[in-house]
Amino acid sequence: KQEVTQIPAALSVPEGENLVLNCSFTDSAIYNLQWFRQDPGKGLTSLLLIQSSQREQTSGRLNASLDKSSGRSTLYIAASQPGDSATYLCAVTQGGSEKLVFGKGTKLTVNP
Amino acid sequence: GAGVSQSPSNKVTEKGKDVELRCDPISGHTALYWYRQSLGQGLEFLIYFQGNSAPDKSGLPSDRFSAERTGGSVSTLTIQRTQQEDSAVYLCASTGGLADTQYFGPGTRLTVL
């Protein structure tokens, strides 16, 4: 059974700092990995999708990497801003299935 | 274009009552998913519809839960004889192709008293 773990559970940083969020998964047979953002009381917003054949994806100040063989992904946020404060969720799509398996998230607070 | 929409946004019900939650996916998306997000449990898969194929119901927690998708578009998740442990946010997502980005709706917050 696929399990996704995110470390740390919570992170507080001052504005302007670069930071890394970590995600690990137990079964490397994945189709893809997605990073989402969730604001309080809201749904999920997709940030980046990395296919299993890819190593990284970039969007603006965000960069996500994937090391499928070791079961790890990182989300790098450059020059963090207070508006980046949210919970960040990592999820994988298992090979042979379409469902997403989620980690429990990292709650990020960026202090002005 | 319009994103995934869900209704109602909030639902409060009494234990033992039945509830229906609705999801309108993005137009043209062939795949639709239901997930549940509860405190301490994180996000859990419930059910998946893809075109005219039989749905993947492997995540439904009990036979009190059912879902249908009419005309390949709108989906309804029904919970019969609700229990307090059913209290959660129910999220719907849709996607246009295999292993593509899943787009989520805002969710329905269900509270069972």
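Described below are features of the structure shown in this document. (Residues numbered from 1 in each chain as written. Chains lettered and ligands numbered in written order. Predicted model: local features only at pLDDT ≥ 70, side-chain atom pairs only at ≥ 80, totals over all residues. Heavy atoms only, no water.)

## So, the layout of surface pockets
- Within this model, the largest pocket holds a volume of roughly 780 Å³.
- Q38 of chain A together with Q37, L39, V89 and R109 of chain B are the residues nearest the centre of the largest pocket, which is lined by 36 residues in total.
- When contributions to the lining of the largest pocket are tallied by element, the ones reaching two or more residues are β9 (86-94) and β11 (106-111) of chain A together with β4 (31-38), β5 (42-50), β8 (88-95) and β10 (108-112) of chain B.
- Its residues placed into classes, the lining of the largest pocket shows twelve nonpolar, 19 polar and five charged.
- Empty space within the second largest pocket amounts to approximately 520 Å³.
- Every residue lining the second largest pocket is counted, 22 residues in all, and those nearest its centre are K1, V101 and F102 of chain A together with L43 and E44 of chain B.
- Going through the elements one at a time, β1 (4-7) and β10 (100-102) of chain A together with β5 of chain B are the ones with two or more residues in the lining of the second largest pocket.
- Considering each element in turn, the lining of the second largest pocket owes the most residues, five residues, to β5 of chain B.
- In terms of residue class, the lining of the second largest pocket is built from seven nonpolar, nine polar and six charged. (1 Å grid on protein atoms, 1.4 Å probe; cavity = no way out; pocket = protein on both sides within 12 Å on 5 of 7 lines; lining within 4 Å. Points joined across faces, edges and corners; volume = space filled by probe spheres on them. Helix = DSSP H or I, 4+ residues; strand = E, 2+ residues; numbered from the N terminus. Nonpolar A, V, L, I, M, F, W, Y, C, P; charged D, E, K, R; others polar.)

## Observations regarding the side chain of Q6 of chain B
Residue and element names in this part refer to chain B.
- By the element assignment, Q6 lies in strand β1 (residues 5-7).
- Within the local environment of Q6, its side chain forms a polar contact with the backbone nitrogen of C92, the two atoms lying 3.0 Å apart.
- Side-chain polar atoms of Q6 contact the backbone nitrogen of G107, separated by 3.0 Å.
- Residues within four places of Q6 in sequence aside, it is in contact with R22, C23, W34, Y90, L91, C92, G105, P106, G107 and T108. (Polar contact = N/O pair within 3.5 Å; in protein donor to acceptor, adjacent residues only side chain to side chain. Contact = heavy atoms within 4.5 Å.)

## With respect to the interface of chain B and chain A
- Counting residues at the interface gives 18 residues for chain B and 17 residues for chain A.
- With both chains or domains summed, chain B and chain A bury close to 1500 Å², and 55% of this area falls on carbon and sulfur atoms.
- For the chain B face of the interface with chain A, the top three residues by lost area are L43, A99 and F104 of chain B, together amounting to 32%.
- Counting across the interface, chain B meets chain A through zero salt bridges.
- The tally of links between chain B and chain A comes to three residue pairs in polar contact (both at pLDDT 80 or more).
- Looking at the side of chain B that touches chain A, the elements with two or more residues in it are β4 and β5 of chain B.
- Across the side of chain B that touches chain A, the residue classes tally to ten nonpolar, seven polar and one charged. (Buried area = accessible area lost by both parts, 1.4 Å probe. Salt bridge = Lys/Arg side-chain N within 4 Å of Asp/Glu carboxyl O.)

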